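Per-entry structural report
Below, each chain spelled out in residue letters.
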Amino acid sequence: MATMERGNTQNARARPESEEAREHDETHEHDETREHDETREHDDQTPVKERLEASAAAAVLDDPKIRRWAYRIGAAVVAGAAALVLTSWRIGLTVAVLVVIGDYVRQSRKSSTVTAWQKSSAAERRTERQLKSLRRNGYLVLHARAVPRDDEGVSDGRIDHLVIGPSGVYAIDSEKWDKRLPVRTMSHLKLFHGPFNKKDRLDEARWEAQMASVILAERVGFDVPVQPSVAIYGPSIPWKVMRVRDVDVYAGNRARSYLRRRPKILTESDVQRIFQAAEDALPPKYPD
């Protein structure tokens, strides 16, 4: 009996020790887990920060303007360093500046608001560049507009440049023709490029302008005559402006001067109304 009690007493004393040990182990394990979590959290901060920085850098480099300027600066540094080694620092600096300016001018000649025209041979882009300066004279321009628009919003016709200004409204089509073939007319009724009769091209330009005139008049509530014209790049044009089959024909580099020094027939309010009507009624031929 005494032995049993002593054994029970030992077991009774052993349980608290076991519970205390278990509590100690649990506390130790909890501390280790917390330390591990804190360490992992601390360790994860650096990769997250690095990922954010890398993402921001990638976003910057994705900007084509940033990439273009990075290219310019790199090319300028290389060219300037080469000139510096061969000559002097002044010539090296001059060469670097000229490299940047030359690349900027070259890229500006390729720029266009119409993606389809962003190529070196696009006649439309060359006319677009000329027309930019007319804005200060009160002219507004829409490029690559579809006309007319059917029930599904589709059209086979395209006005390359619809110009609206104080002297009226003009539908200009830009053409790149083979410079080896001469351009000539017969009695203001026929236009030839070498042996090729351009009657169909003139009729198309006139039809596009007529359709635009009808559409705009319905929108603004008064007659809106639209003068068709064709700006030709490539061959030499032996006249300044000639009207053939009611279409004005001239050399492409005269597109800006073609619109200048004409009598004013529209007020500023008329120009704005017609421009807004054209923007709404004549959809972009190449929607983004």
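Rules of the game
- Residues numbered from 1 in each chain as written.
- Predicted model: local features only at pLDDT ≥ 70, side-chain atom pairs only at ≥ 80, totals over all residues.
- Heavy atoms only, no water.
- Pairing = 2+ DSSP bridges.
- Helix = DSSP H or I, 4+ residues; strand = E, 2+ residues; numbered from the N terminus.
- Axes fitted to C-alpha atoms, helices over the stretch in contact; angles between N-to-C directions.
- Expected span 1.5 Å × (residues − 1).
- Buried < 20%, exposed > 50% of the residue type's maximum accessible area, 1.4 Å probe, protein only.
- Arc of directions from axis to C-beta.
- Contact = heavy atoms within 4.5 Å.
- pLDDT = per-residue confidence, 0-100.

Some remarks on the sheet that holds strand 8 (residues 242-244)
Pairing within the open sheet is mixed, and its 6 strands lie in the order 1-2-3-7-9-8. Both outer strands of the open sheet, strand 1 (140-146) and strand 8, are each paired with one neighbouring strand and no more. Strand-to-strand twist across the sheet, computed as the mean angle between neighbouring axes with direction ignored, equals 30°. Bridge count between strand 3 (residues 168-176) and strand 7 (residues 226-233): 8 bridges; the pairing is parallel.

Overview of helix 7 (residues 268-281)
One turn of the α-helix equals 3.6 residues, which is why residues spaced by three or four share an orientation. Its 14 residues give helix 7 an end-to-end C-alpha distance of 20 Å, which sits within 8% of 20 Å, the value for a rise of 1.5 Å per residue. Listed as buried for helix 7 are Val271, Ile274, Phe275, Ala277, Ala278 and Ala281. The buried side chains of helix 7 occupy one side of the element, clustering within an arc of 165° when seen end-on. Residues of helix 7 that are buried make contact with strand 1, strand 2 (158-165), strand 3 and helix 5 (199-220).

A few points about the sheet that holds strand 6 (residues 196-197)
Strand order across the open sheet formed by 3 strands is 4-5-6, with antiparallel pairing between neighbours. This sheet does not close on itself; its edge strands, each paired only once, are strand 4 (183-186) and strand 6. Relative to strand 5 (residues 190-193), strand 4 runs antiparallel, the two sharing 4 bridges. By the bridge assignment, Arg184 is partnered in strand 5 with Phe192.

Comments concerning the side chain of Arg201
Residue position: Arg201 is located in helix 5. Excluding residues that lie within four positions of it along the chain, Arg201 makes contacts with Asp173 and Glu175.

Quick notes on the confidence of the model for the protein chain
Across the protein chain, pLDDT averages 77, with 59% of residues at or above 70. For residues 1-25, every residue scores under 50 in pLDDT, and the model assigns this stretch 0 contacts once sequence neighbours within four places are set aside. Below a pLDDT of 50 lies the segment residues 36-46, which in the model reaches 0 contacts outside its immediate sequence neighbourhood of four places, other chains included.

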